[in-house]
Amino acid sequence: MTEKTKLIAPRLPRGFEDRTPGEIAAVGQMIDKIKAVYERYGFDPVETPLFEFTETLGKFLPDTDRPNAGVFSLQDDDEQWMSLRYDLTAPLARYFAENFETLPKPYRSYRQGYVFRNEKPGPGRFRQFMQFDADTVGAGGPEADAEMCMMMADVMDALGLQGQYVVRVNNRKVLDGLRQAMGISDDDQWLVVMRSIDKFDKIGATGVEQLLQKGRLDESGDFTKGAGLSEVQAKALLLLFAPITMQEVPVAIATEDTNKPRFELWSLDKVNAAPAGVTRVDEVAQASAATLGYIAMVFRSIGSQVDSNTSAYYGYKELYEMGRLFQAAGYNADRIKIDPSVVRGLEYYTGPVFEIELTFKVQNEKGQDVVFGSVGGGGRYDGLVSRFRREPVPATGFSIGVSRLANALKLTGKLNASEPAGPVVVLVMDKEQMAGYQAMVAELRQAGIRAEMFLGNTKNFGKQVAYADKRNSPIVIIEGSQEREQGILQIKDLIAGKQAAAAITDNAEWKAARPGQFEIKRDELVAAVQKLLSEQ
RNA sequence: GCCGCCUUAGCUCAGUUGGUUAGAGCGCUAGAUUGUGGAUCUAGAGGUCCUCGGUUCGAUCCCGAGAGGUGGUACCA
């Protein structure tokens, strides 16, 4: 005991966080609100484990037998690689495929939990964080995608963020069509193009333009190699971000196949004299008409037409139909808007992609503006279940980054992270009377009131009251020998006392005043506490 | 991964031009007060000065390497 043993420094690996009662309560409230929206849309919960076989998650490095370094992995007894899940989508695909025979199809499910990524953490980025997902598996139409977007918007409303977010929607098929039109055949080159576009909110138009061409030298002096596009190609892609100015309006022209309208840009004069079968897009999808027209214009600027290649056509048509659905359901462009610059991750999305963006400024503790990125997103992933089953299974879904959203709300003071009320504390005035104090606690607990007897060092009475204060306790119960003889108790209202004492500066006066304290009969304990709690 | 900055008490930081017992504020513990929260006063605990190596009579300080933290950037399913 005399020799000093080497102590272990209590420390947390970076990217991980402890959560206090206030934070747990605040996130719990968020979860309840999100859950309520999902359930209202007809989704059912399911829970899957934190660990999966690495091959289930699909994260083996190419050409090696080791998992991707970005996932936490370990080998089981039989040397099979297992990994902590890094999202909730791959485990859902596994669950659906494994229970294919019994699940209803389409299958609507939601689930919430921690996911893990072994990457360098940053502001608002963690190595363990919570996601809350909803997915519809087995429904291939844009109605399912549109429903996802509307549900995301409803969730944000339910969290009290009306008017402070926008759900941005794009379609990967449109981007693929652009690629074809521009004649980019190299997959790697296209990958760099997509990454560059995805960085728009971080590095701006100039930065993206540099990345699309030769490359960009950032502030730290690091050079990022560009995609090697020509100036003409780069400028055309940059139109995706340009402010929308339209001389012409998009129209849908009926064709022999009623499911395949043609999309063109017409001048207003031409539209006004339009023959039957030509519909202005803004009459059916007002919310996003300008953007739809704009996408058509981007195609024209590179010498193509939006419906001249299959991929772009279907992407465009899906966006058009989703726009109609948003319009019909009353979701305007200030809540959900079509935005051709949305890219989202790169791996498995096959059609519509969407992202929630906060439209208010977020500042960190030091008062600096923080680029927060999206707080949620998703899209259609028709290929994911096919890894487990031979038949094609379409699926769409999205994910809310609960941790990141909570962090944003915390920084803006919109998260109610106040410490929850503590228990009623019964003070120990006389160690011989423990049984009596414990009986009081039991009475209170039986009445459903949080209560505890002070268990620490009872020698100094002031410390007991200080303990109750630190516990955020609303009330303390005092029974000394004087009270016991008279069959009474002292009830001390700590909340009222705190207010009443604010004006007192002298310690002697402070003690004499005993603010917020009054007497009751012993047998009135439960009733008096209940009454006081309801008044506080 | 790459680039910059940082590392002294639980926290925020001072300091030593290289010299013997390394400081402050806040916090913590105890006492003033075995019948009252805040404030006040008193006392106390708490330090491998990030680690290792080098230079030096002597290193917390100078030099080198490493670790950790932080910011940017890359990757991000």
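Residues numbered from 1 in each chain as written. Chains lettered and ligands numbered in written order. Predicted model: local features only at pLDDT ≥ 70, side-chain atom pairs only at ≥ 80, totals over all residues. Heavy atoms only, no water.

Peer 1: Would you mind showing me how to read the protein's contact with RNA strand B here?
Peer 2: Contacts to RNA strand B come from 52 residues, most closely from Arg 125, Asp 469, Asn 507, Trp 510 and Gln 517. Counting only the atoms of RNA strand B that lie within 4 Å of the protein, the sugar and phosphate share comes to 45%. Within the backbone of Ser 481, an N or O atom sits 3.5 Å from a base oxygen of RNA strand B. Between RNA strand B and Glu 483 there is a distance of 2.6 Å, counted from a base nitrogen to a side-chain nitrogen or oxygen. Elements that contribute at least two residues to the surface near RNA strand B include exactly helix H15 (461-470), helix H16 (481-486), strand S22 (488-493), helix H17 (494-501) and helix H18 (507-513). Per-element tally for the surface near RNA strand B: the top contributor is H15, with seven residues. Here the residues of the surface near RNA strand B are counted per class, giving 14 nonpolar, 14 polar and 24 charged. (Near = heavy atom within 4 Å. Polar contact = N/O pair within 3.5 Å; in protein donor to acceptor, adjacent residues only side chain to side chain. Helix = DSSP H or I, 4+ residues; strand = E, 2+ residues; numbered from the N terminus. Nonpolar A, V, L, I, M, F, W, Y, C, P; charged D, E, K, R; others polar.)

Peer 1: It is not clear to me how the sheet that holds strand S21 (residues 475-478) should be interpreted in this structure. Could you clarify?
Peer 2: Strands in a sheet are paired, the pairing made by backbone hydrogen bonds, and the direction either parallel or antiparallel. Strand order in the open sheet formed by five strands is S20-S19-S21-S22-S23, and the pairing between neighbours is mixed. With partners counted over all chains shown, the strands left at the sheet margins are strand S20 (451-453) and strand S23 (517-521), one partner each. Taken over all neighbouring pairs, the strand axes of this sheet differ in orientation by 25° on average, direction set aside. Across the face of the sheet, H17 comes into contact with S21 and S22 while running at roughly 60° to S22. (Pairing = 2+ DSSP bridges. Axes fitted to C-alpha atoms, helices over the stretch in contact; angles between N-to-C directions. Contact = heavy atoms within 4.5 Å.)

Peer 1: Help me understand the pattern of salt bridges, please; the structure alone is not making it clear to me.
Peer 2: Side chains carrying opposite charge are able to pair once their charged atoms draw close together. Under the defined criterion, the tally for this structure stands at 27 salt bridges. Among the salt bridges present, the one from Asp 339 reaches Arg 168, with a minimum N-O distance of 3.0 Å. In this pair, Asp 339 is assigned in the loop between strand S13 (336-338) and strand S14 (352-358) and Arg 168 in strand S7 (residues 165-171), connecting sequence segments 171 residues apart. Classification of Asp 339 by relative accessible area gives buried; the value is 10%. Measuring nitrogen to oxygen at the nearest pair gives 3.7 Å for the salt bridge that ties Asp 469 to Lys 498. Of this pair, Asp 469 sits in helix H15 while Lys 498 sits in helix H17, placing them 29 residues apart in sequence. The exposure class assigned to Asp 469 is partly exposed, which follows from its relative accessible area of 41%. (Salt bridge = Lys/Arg side-chain N within 4 Å of Asp/Glu carboxyl O. Buried < 20%, exposed > 50% of the residue type's maximum accessible area, 1.4 Å probe, protein only.)

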